[in-house]
Amino acid sequence: MGDGTTTPAVLLGGSTGPLAIARELSKRGVAVHLSLQKGRPELATRHATKKYPYDNRDTAAAVWSDLLLGEKRQLQRAVILPCDDDALEFVVQHHEQLATTHLLGRTRREHLDAFLSKEKTARLAADTGIRLPRVWSIDADLDVDALFAREGTEILLKPIHSHRFQRAFGGGGRKHFVAHDRDQFRHAAARLRDAEVGAIAMEMVPGPDANSVTYYTFRGEGGRPLFEFCKQVLRRFPRNEGPGSLHVASWDAEIGSLCRQLLDAVDFEGYANIEFKRDARDGVPTLIEVNPRFTASQELLVRCGIPAGWLVYQALTGGQPQAPANEQTGLLFWDPARDLRAIREHRSKEGLTAWQCLRSLRGRRVLPLFHWTDPAPSLRRLLQLGSRAFRSRS
């Protein structure tokens, strides 16, 4: 017999994703414990029984250890739901201890660890028949002049662990460095070395943001998918490297097939999202990353009829989660503040017209923070944006 809703859920890290999960669990009677960085507007939600803010990403693990580890831990038994890579790293590092007292996802530790690392992800996917970006080791033997002469004008310096890059180089959504020439490459490589952030050189898969598609699934025992879902990125900020500012829920049969191929090949169970980008040169999808955790776009899944957090919670507490019905497509997931900056950049670099911008926003829109029954996070965000604008003008 399952635990029903008596076991509390702990949401670790992230941004808008844990807010969506907190809302869907809370309305079903689950006690939600929310741990985010101080200042996050999501902490204003009324759907958290208790909140555990941390000062910055470097101090998060200490807060989570007090909450979940040791005999004096604050929570004796809980469902642990990681919502960013810092939280995933914490779960990997303390997996054995956490598993003895708490409820973790179905995903095996070796898969969690592998998909945290770009190098390990590539090795795991190498024999699956899926196209991967070409990569080169950043070491003394790398001939940077020959690399640019052969590959062209854009090379990524991709951190092996994205969250460590973001700790070292701040927010803004940037996940890597882009080098357009040899000098930029050497400068970026030196910055990475000084910050002790491991990285690899990777080809930039050519094509606009709209070539990126992300697949979501939850696979139960034996790898049987309880649901499958796709969204397409329409715009990002910064362009081609930052978080998406406009997405659309749209099933992509080719990407879905490739993702099943990958997950079947490695015998994956649990929750995952996988990003592919179609190469503009030949249209073939190229694997970008795999995340065995929740992400910032969870509200879009919920509005499309997929309560992913609740399904995972049910599975971990012995319930009988049912496959979602009537999944919607065509819904837009829109971050207005970020998208205004994205539009300005796309207009200057891609010639996007005002009419094209307006057309891209036609249809039903889902906002990352706003919900009529829980307006405080959106109001907090508006106050933060207003305060930032006032300071920049004074």
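Residues numbered from 1 in each chain as written. Predicted model: local features only at pLDDT ≥ 70, side-chain atom pairs only at ≥ 80, totals over all residues. Heavy atoms only, no water.

**Description of the nonpolar core**
Counting 36 residues, the largest nonpolar core has Leu25, Leu81, Phe227, Phe229, Tyr271, Phe294 and Leu301 as its most contacted members. If you list the elements that add at least two residues to this core, you get β1 (9-12), α1 (16-26), β2 (32-35), β4 (79-82), β9 (212-219), β10 (225-236), α11 (298-303) and α12 (308-316). Counting residues per element, this core draws most heavily on α12, which supplies six residues. Those residues in contact with Leu81 that lie beyond four places of it in its chain are Val10, Leu11, Leu12, Ile21, Leu25, Phe294 and Val312. The next biggest cluster of nonpolar side chains, apart from the first, holds 21 residues, and it includes Ala60, Leu67, Leu68 and Ala87. (Core = buried A, V, L, I, M, F, W, Y, C linked by side-chain atoms within 4.5 Å. Buried < 20%, exposed > 50% of the residue type's maximum accessible area, 1.4 Å probe, protein only. Helix = DSSP H or I, 4+ residues; strand = E, 2+ residues; numbered from the N terminus. Contact = heavy atoms within 4.5 Å.)

**Overview of the environment of Leu234**
With respect to the helices, strands and loops of the structure, Leu234 is situated in strand β10. In the structure, Leu234 is positioned 148 residues away from Asp86 in sequence and 27 Å away in space, judged by C-alpha atoms. Contact partners of Leu234, with chain neighbours within four places excluded, come to Asp209, Ala210, Leu246, His247, Val248 and Leu332.

**Some thoughts on the packing of aromatic side chains**
As enumerated under the stated definition, the model contains 13 aromatic pairs in all. Considering the side-chain rings of Trp64 and Phe90, the 5.7 Å spacing of their centres and the 70° angle between planes classify their relative orientation as edge-to-face. Residue Trp64 is located in helix α2 (residues 60-68), and its partner Phe90 is located in helix α3 (residues 85-93); the two are separated by 26 residues in the primary sequence. Taken individually, Trp64 and Phe90 each receive the classification buried, so the pair is uniform in this respect. Taking 6.3 Å as the distance between ring centres and 55° as the angle between the ring planes, the aromatic pair formed by Phe227 and Tyr271 counts as tilted. One end of the pair, Phe227, is in strand β10; the other, Tyr271, is in strand β12 (residues 270-278), with 44 residues separating them in the sequence. Judged by relative accessible area, which is 2%, Phe227 ranks as buried. (Phe/Tyr/Trp six-rings, centres within 6.5 Å; stacked < 30°, edge-to-face > 60°.)

**Brief notes about a positive patch on the surface**
Taken together, the side chains of Arg341, Arg344, Arg388 and Arg391 make up a positively charged region of the molecular surface. Contributions of two or more residues to the positive patch are made by α13 (336-350) and α15 (376-393). Along the chain, the position of Arg388 falls in helix α15. We classify Arg388 as partly exposed; its relative accessible area is 44%. (Patch = residues over 30% accessible without salt bridge, like charges linked within 9 Å, V, L, I, M, F, W, Y side chains within 5 Å. Areas by Shrake-Rupley, 256 points an atom, 1.4 Å probe, with all protein chains shown as cover. Salt bridge = Lys/Arg side-chain N within 4 Å of Asp/Glu carboxyl O. Lys, Arg positive; Asp, Glu negative; His and termini not counted. Charge placed at Lys NZ, Arg CZ, Asp CG, Glu CD.)

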